[in-house]
Amino acid sequence: MSKKAIAIMTSGGDSPGMNAAARAVVRTAIYAGVDVYGINNGYKGMIEDDIIQLNGKSVSDIIQRGGTFLGTARSKEFMTPEGRAKAYANLEKRGINGLCVIGGDGSLRGAAALAKEHGISIVGLPGTIDNDVWGSDYTIGCDTAANTIIDAINKLRDTASAHRRCAVLEVMGRRCGWLAMVTGIAGGAEYILVPEVNYDLEEIISEIKDLYENNKKRYIMVVVAEGAGKAVDIAEKIQQETGIETRPTVLGHVQRGGSPTIQDRIKASQLGEQAALALIGGISNVVYGFNAGRVVQIDLFDAVNNKKTLDPDYVRLARVLQ
Ligand code: ADP
């Protein structure tokens, strides 16, 4: 049997903690005497043969950094069977028989296609700030992003309170409202708008008017996931219809960056260790995630074929605490 060699890559949107996960994969593999390669810039680098052998030192001084030392990218070519065949050939010629993909939904879907067509062993790790990968209650980077948002909410509350204004904060989450929901609850927002729950803006606006004019609230905080509406439009409508000074804030890409929190570093390290052990031990087509505080193994195809739902407990709690 040929010597085992595995590869690691990050793909899609970056998230804080990807470095910690990659570091754990590399160090675990080296500890076990297995060769490990790094693929630069996601599937794009795989197609372009931008692949390098890594050693323990290659992943020094990165655990505390956001982003990803391997770089990440999106690749249209990889969406085609021809692109994937070209990419796979670059792994095959190095004897790479196991691949760890750290990325979001799309990246894991790409990995599933590669596994199906070329039979390579795949282990996926959910790396996205959105926390939207089915089968896991955690994705690498979601905690750091949530902490970045809560910092913004705290600051906006100070100034909104001082001026008796309404603040509308738009956060990331095109199809998944987890970030908006947890930060809205933790930040004491009056309204949390997410793509998974329908809302009636007219009704909200009349409630805001009542809360404000009857002095039930000094100021109003609204958190909106980008998939549920645009802060600029919502703020304009609130101001127009209530006369309350309303300020929109779009947090944007600061949510992606930053030094990972301790939770993201530890969990990413645990997931990275499991990923390497699985590939070394011959386990394939799985994703590692967390459930009730423990690392769990999820079938790769289940993970990509199912849609994670927003915890209804959060939705209820948000309403009760409003
Ligand atoms: P994320 O992983 O953050 O969800 P994307 O959805 O952009 O990010 O996916 C990252 C990359 O994964 C894409 O640019 C593409 O190369 C690959 N990919 C996504 N979906 C598929 C798919 N259905 N089949 C093959 N490759 C895919």
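K.L.:
Can you break down the sheet that holds strand 9 (residues 246–250) residue by residue, with the values?
P.N.:
The parallel open sheet is built from four strands, whose spatial order is 7-8-6-9. The outermost strands of the open sheet, each flanked by one partner alone, are strand 7 (191–193) and strand 9. Within the sheet, the average angular offset between the axes of one strand and its neighbour, ignoring direction, is 15°. The pairing of strand 6 (residues 166–171) with strand 8 (residues 220–225) spans six bridges and is parallel. Looking at the pairing, A167 lines up with M221 of strand 8.

K.L.:
Lay out unusual backbone geometry with the relevant residues and their values.
P.N.:
Peptide bonds are, in most cases, trans, and in most cases residues other than glycine have a negative phi. Located in the positive-phi region is D49, a residue other than glycine, with phi close to 65°. If you trace the backbone, D49 turns up in the loop between helix 2 (42–47) and strand 3 (51–53). When its relative accessible area of 26% is taken as the criterion, D49 is described as partly exposed. Phi is positive for D61, close to 65°, though the residue is something other than glycine. Among the secondary structure elements, D61 is positioned in the loop between strand 3 and helix 3 (81–92).

K.L.:
Lay out the site of the ligand in plain terms, naming residues and giving numbers.
P.N.:
Taken together, 15 residues lie near the ligand, and R74, S75, G104, G106 and S107 sit nearest. Taking G106, its main chain carries an N or O atom lying 3.0 Å from an oxygen atom of the ligand. For the ligand, an oxygen atom lies 2.5 Å from a polar atom in the side chain of S107. Relative to its unbound accessible area of 550 Å², the ligand is 78% covered by the protein chains. The element best represented in the shell around the ligand is helix 4 (residues 105–118), accounting for five residues.

K.L.:
Can you lay out a nonpolar patch on the surface for me, pointing to particular residues and giving the numbers?
P.N.:
Residues L317, V320 and L321 make up a contiguous nonpolar surface patch of about 280 Å² in total accessible area. Within the secondary structure, L317 is located in helix 11 (residues 312–321).

K.L.:
Can you tell me about the pattern of salt bridges, naming the residues and giving the values?
P.N.:
Considering all chains together, one arrives at 17 salt bridges under this definition. For E245, the salt bridge goes to R165, with nearest N and O atoms at 3.5 Å. Taken together, the residues span a long stretch of sequence, with E245 in the loop between helix 8 (231–242) and strand 9 and R165 in the loop between helix 5 (142–163) and strand 6 at a distance of 80 residues. Residue E245 is classed as partly exposed on the basis of its relative accessible area, which comes to 35%. Here E213 makes a salt bridge to K209, at a shortest N to O gap of 3.2 Å.

K.L.:
Pulling in residues and values, what's your account of the domain arrangement of the chain?
P.N.:
According to the domain assignment, the chain consists of domain 1 (5–141 + 260–306) and domain 2 (142–256). Measuring from the centre of the C-alpha atoms in domain 1 to the corresponding centre in domain 2 gives 34 Å. Every contact between the two is made by 18 residues of domain 1 and, on the other side, 13 residues of domain 2. The contact between domain 1 and domain 2 buries some 1,200 Å² in all, and 51% of this surface belongs to carbon and sulfur atoms. At the junction of domain 1 with domain 2, the criterion picks out one salt bridge. D14 is the salt-bridge partner of R256, the closest N and O atoms lying 3.7 Å from each other. Our count for the contact surface shared by domain 1 and domain 2 stands at nine residue pairs in polar contact (both at pLDDT 80 or more). A per-class count over the side of domain 1 that touches domain 2 returns five nonpolar, eight polar and five charged.

Criteria and thresholds
- Residues numbered from 1 in each chain as written.
- Predicted model: local features only at pLDDT ≥ 70, side-chain atom pairs only at ≥ 80, totals over all residues.
- Heavy atoms only, no water.
- Pairing = 2+ DSSP bridges.
- Helix = DSSP H or I, 4+ residues; strand = E, 2+ residues; numbered from the N terminus.
- Axes fitted to C-alpha atoms, helices over the stretch in contact; angles between N-to-C directions.
- Buried < 20%, exposed > 50% of the residue type's maximum accessible area, 1.4 Å probe, protein only.
- Near = heavy atom within 4 Å.
- Polar contact = N/O pair within 3.5 Å; in protein donor to acceptor, adjacent residues only side chain to side chain.
- Areas by Shrake-Rupley, 256 points an atom, 1.4 Å probe, with all protein chains shown as cover.
- Patch = residues over 30% accessible without salt bridge, like charges linked within 9 Å, V, L, I, M, F, W, Y side chains within 5 Å.
- Salt bridge = Lys/Arg side-chain N within 4 Å of Asp/Glu carboxyl O.
- Domains from an automatic or database assignment.
- Contact = heavy atoms within 4.5 Å.
- Buried area = accessible area lost by both parts, 1.4 Å probe.
- Nonpolar A, V, L, I, M, F, W, Y, C, P; charged D, E, K, R; others polar.

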